[in-house]
Each structure stands twice: as structure tokens, then as C-alpha cells.
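Residues per chain, in single letters:
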Amino acid sequence: MKTKILALCVLTICARNGFSQDTTKVDEAQKWKLESIYSLNGSQSSFVNWNAGGRNNISLLGTVNSFANYNFEKNKWENEISLALGGIKYVSKGSTEPLQKTDDKIDLTSTYGYKLKENLYASVLLNFKTQMLDGFNNPADSIRASGFLAPGYMNLALGLDYSPTKSLSIFLSPLALKLTIVNDQRLANSGAFGVKGAEYDGIGVLIKKGEMFREEIGAYMRIKFNKELMKNVSLKSKLELFSNYQNNPQNIDVNAESLFIFKINDWFSASLQWNLLYDDDIDIRDIDGNTGPRTQFKSVLGIGVSYKMNN
């Protein structure tokens, strides 16, 4: 009898411990908010005896937008990844043009914050941007104009993150490091993407190679606004500003992104994306042959398959 009572007590204790552990696991899982959106947009154009002209083509654009956010007591840790890769292929008879890249992006952000008071966090932010594939100024070029880590950008910032609502977040840092990477010596020698170019003597002989890294210390600001504007229409937007304390602080680097998502049903959606970039250290040649800083703008409209996963 004593053995049975002892066994019953042991089972009861084990059951209680097991239940407590399961509850802890559930609570731990509830601290995380996970979401991923996968989409594939495409278009196809075909012309037969079309008087106005046109070229047969097929284009595809794939995107992945995921985040994993942890929120418990005074700790907040937000992680986000944004990937995009797209291209267009002309399939007209006799066409030998290679596939042309239309979009290419790797964007990773991690932000940790410690709550100081309601809606205000002392935070550290780490952001990394680059691309996956080589880029060329023209489809027929054999010399690349960009590539993986050419350029690559890393921002490390310490500051305050203010989130008055779930839709709006404002991060302000008076002390931020911006690192530009050009992992291609030919591009570095030419001073591409703002790095210091190579030095040559009077007859063009290389004296000193161009630098592959450029460090900037300055102020950084990021504003994020994500909201469902109406049923089946949502907006994800981000504005990043950076001012270099050591070189023309009045010339502010700008990176602005807006993504409108129009949900059709559980599988199909349409999207409209706008991107605006300005960096005073990057020289761009325009169609008239003039070289200097330029405002860069990209617009992408797509419709296709979209799938969302979350917890």
C-alpha cells in the first residue's frame, strides 16, 4: 500500500512539473510574433502583327518579407528580412539579349530595445543591405557595375525608439556608424559608391589601390509606418536619413520605401512599390552625360501569387 501511495505521489509531482514546463513553453512562444509573406509576380507580353510595335517578353519578380519580434516585460527585439529578385527576358525572334535584372535586394535589420517608459525604448539598431547578383549598366556589358557586397551597406546606431502606436515607430540616433563596402577592386579603384578611389601618376601608372571600405560617423533617423489602410489594402513604409558629421552634414542621405499590398484572396494579390534613394557621395551619369549626385527612383507594379505564414 505504501508503495502504491508513493508511486501515486511521484506521478502527481511529475504531472505537475510537466504541466508547468508545457505552460512555460506556451508562454515563451507567445512572447514571439512571427510572420512571413512570400510572393511571386509576373507578366507576359506577346505581339503578332502589332502595328504600334512591341517586343515579346516575360518578367518575374519574387519577394520574401519576414519578421520575428520578441516582446516581454521591458525587452523588445525586432528582426526583419526583406529579399527581392526579378528579371525580364525578351523572347522576340532573333533576340540574343541575356536576362535583364529588374530588382535585387537583401535587407536585414535587427533592433533591440530596453523600455525606459511607456512607448520609449533605449535601443541599438543593426542594418545590412546588399544585392545577390551582378549588375550591369547595359545588358550587353561584360564588365559589372555592381555585385554582392559591391556595394554593401551596414548601419550601427545607438539611440531612442519611440512607438506611440502599433503602426508607427520613430528611431533617432545621435551616434551612428555607416560602413560602405565595395568588394571589387576595379570598382574601388574607380571610387564607386563613395569610397576613396585609386591614385595614379602622371602617365596613368597605379600608385595606390582604391579603398574597399568607407566609414562615416553621424546621426541616423528611421521612421516606420505599417498599417492596414482599409479592408484588403495595407501599407508598409520606411524612411531612413543619415547625416555625416565629418563631411557636408547638411547633405543628408535618404532611403525611402513604400509598399502597397492589395489582397485579392488567400492566394492572389497585387503590389505597388516605390523606392527613392539619394546619396551625395555617389556620382551617377545621366542621359546627357553629366556626372554627379542624383536622386534615384524605382517603381514596381506586380500581380501574382502571395502566401502568408504567421503564428
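## Here we look at the overall build of the protein chain
And then number 1: Looking only at helices and strands, the protein chain has two helices and 16 strands in total.
And then number 2: Dimensions of the protein chain, computed from the C-alpha atoms along their principal axes, are close to 100 × 60 × 40 Å.
And then number 3: Counting all 311 residues of the protein chain, 33% fall into the buried class.
And then number 4: Within the protein chain, contacts between residues at least 6 apart in sequence are counted, and of these 53% link residues at least 24 apart.
And then number 5: Roughly 19500 Å² of accessible area belongs to the protein chain as shown, and the carbon and sulfur atoms make up 61% of that amount.
And then number 6: Across the protein chain, the mean location of the 35 positive side-chain charges is 9 Å away from that of the 32 negative side-chain charges.

## Describing unusual backbone geometry
And then number 1: Residue P151 is reached from A150 by a cis peptide bond, and omega for that bond is 10 degrees.
And then number 2: Among the secondary structure elements, P151 is positioned in the loop between β5 (120–130) and β6 (152–162).
And then number 3: Phi at F193 takes a positive value of approximately 60 degrees, unusual for a residue other than glycine.
And then number 4: Positive phi outside glycine occurs at N232, with the angle close to 70 degrees.

## Observations regarding the pattern of salt bridges
And then number 1: Summed over all chains, the structure comprises 15 salt bridges.
And then number 2: The partner of K224 in a salt bridge is E80, and the shortest N-O contact between them spans 3.2 Å. Taken together, the residues K224 in strand β10 (residues 213–230) and E80 in strand β3 (residues 75–90) connect sequence positions 144 residues apart.
And then number 3: A relative accessible area of 15% places K224 in the buried class.
And then number 4: With its nearest N and O atoms 2.8 Å apart, the salt bridge here joins K178 to D253. Linking K178 in strand β7 (residues 168–181) with D253 in strand β12 (residues 253–263), this pair joins segments that are 75 residues apart in sequence.
And then number 5: The buried category is assigned to D253, whose relative accessible area is 8%.
And then number 6: Put simply, D134, R144 and D184 are held in one network by salt bridges that share partners.

## Details of empty space enclosed by the protein
Taking a probe equal in size to a water molecule and rolling it over the atoms shows the remaining empty space.
And then number 1: In total, this model carries three cavities of 30 Å³ or more according to the counting rule given.
And then number 2: Surrounding the largest cavity, E216, N244, N247, N248, N251, D253, D280 and D281 form its lining.
And then number 3: Of the residues that constitute the lining of the largest cavity, the class distribution is no nonpolar, four polar and four charged.
And then number 4: Space inside the second largest cavity adds up to approximately 40 Å³.
And then number 5: When residues of the lining of the second largest cavity are traced back to their parent elements, those giving at least two are β5, β10 and β11 (233–244).

## Quick notes on the sheet that holds strand β2 (residues 57–72)
And then number 1: The sheet built from 12 strands closes into a barrel, its strands ordered β1-β2-β3-β4-β5-β6-β7-β10-β11-β12-β13-β16 with antiparallel pairing. Across the sheet, the mean angle separating the axes of adjacent strands is 20 degrees when strand polarity is ignored.
And then number 2: Summarising the sheet, strand β13 (residues 268–278) and strand β16 (residues 296–310) pair through 10 bridges and their orientation is antiparallel. Looking at β16, one finds that S269 is bridged to G304.

## A look at the nonpolar core
And then number 1: The biggest cluster of nonpolar side chains holds nine residues, and these are A150, Y153, V182, L187, A188, A192, F193, V195 and I282.
And then number 2: Within the second largest apolar cluster, six residues are counted, among which are L125, A157, F171 and Y220.

## What to know about the confidence of the model for the protein chain
And then number 1: When the pLDDT values of the protein chain are averaged, the result is 88; 91% of them are 70 or greater.
And then number 2: The secondary structure element of the protein chain with the lowest average pLDDT is helix α1 (residues 2–30), at 48, and the one with the highest is β5, at 98.
And then number 3: Within the model, the stretch residues 1–24 combines pLDDT values under 50 with zero contacts to residues more than four positions away or in other chains.

## Things to note about a nonpolar patch on the surface
And then number 1: Together, Y38, L40, I58, L60, V91, I264, W267, F268, I303, V305, Y307 and M309 make up a nonpolar patch on the protein surface, roughly 1100 Å² of accessible area in all.
And then number 2: Counting residues per element, the ones that place at least two in the nonpolar patch are β1 (32–45), β2 and β16.
And then number 3: The element contributing the most residues to the nonpolar patch is β16, with four residues.
And then number 4: Considering the arrangement of structural elements, one finds Y38 in strand β1.
And then number 5: Residue classification places Y38 among the partly exposed residues on the basis of a relative accessible area of 36%.

## A short note on the pairing of β5
And then number 1: Where strand β4 (residues 100–117) meets β5, 11 bridges bridge the pair, whose relative direction is antiparallel. Note that in β5 the partner of S110 across the bridge is L126.
And then number 2: The turn linking β4 back onto β5 is made up of two residues, and N119 within it adopts a positive phi angle of 70 degrees.

About the criteria used
Residues numbered from 1 in each chain as written. Predicted model: local features only at pLDDT ≥ 70, side-chain atom pairs only at ≥ 80, totals over all residues. Heavy atoms only, no water. Helix = DSSP H or I, 4+ residues; strand = E, 2+ residues; numbered from the N terminus. Buried < 20%, exposed > 50% of the residue type's maximum accessible area, 1.4 Å probe, protein only. Contact = heavy atoms within 4.5 Å. Areas by Shrake-Rupley, 256 points an atom, 1.4 Å probe, with all protein chains shown as cover. Lys, Arg positive; Asp, Glu negative; His and termini not counted. Charge placed at Lys NZ, Arg CZ, Asp CG, Glu CD. Salt bridge = Lys/Arg side-chain N within 4 Å of Asp/Glu carboxyl O. 1 Å grid on protein atoms, 1.4 Å probe; cavity = no way out; pocket = protein on both sides within 12 Å on 5 of 7 lines; lining within 4 Å. Points joined across faces, edges and corners; volume = space filled by probe spheres on them. Nonpolar A, V, L, I, M, F, W, Y, C, P; charged D, E, K, R; others polar. Pairing = 2+ DSSP bridges. Axes fitted to C-alpha atoms, helices over the stretch in contact; angles between N-to-C directions. Core = buried A, V, L, I, M, F, W, Y, C linked by side-chain atoms within 4.5 Å. pLDDT = per-residue confidence, 0-100. Patch = residues over 30% accessible without salt bridge, like charges linked within 9 Å, V, L, I, M, F, W, Y side chains within 5 Å.

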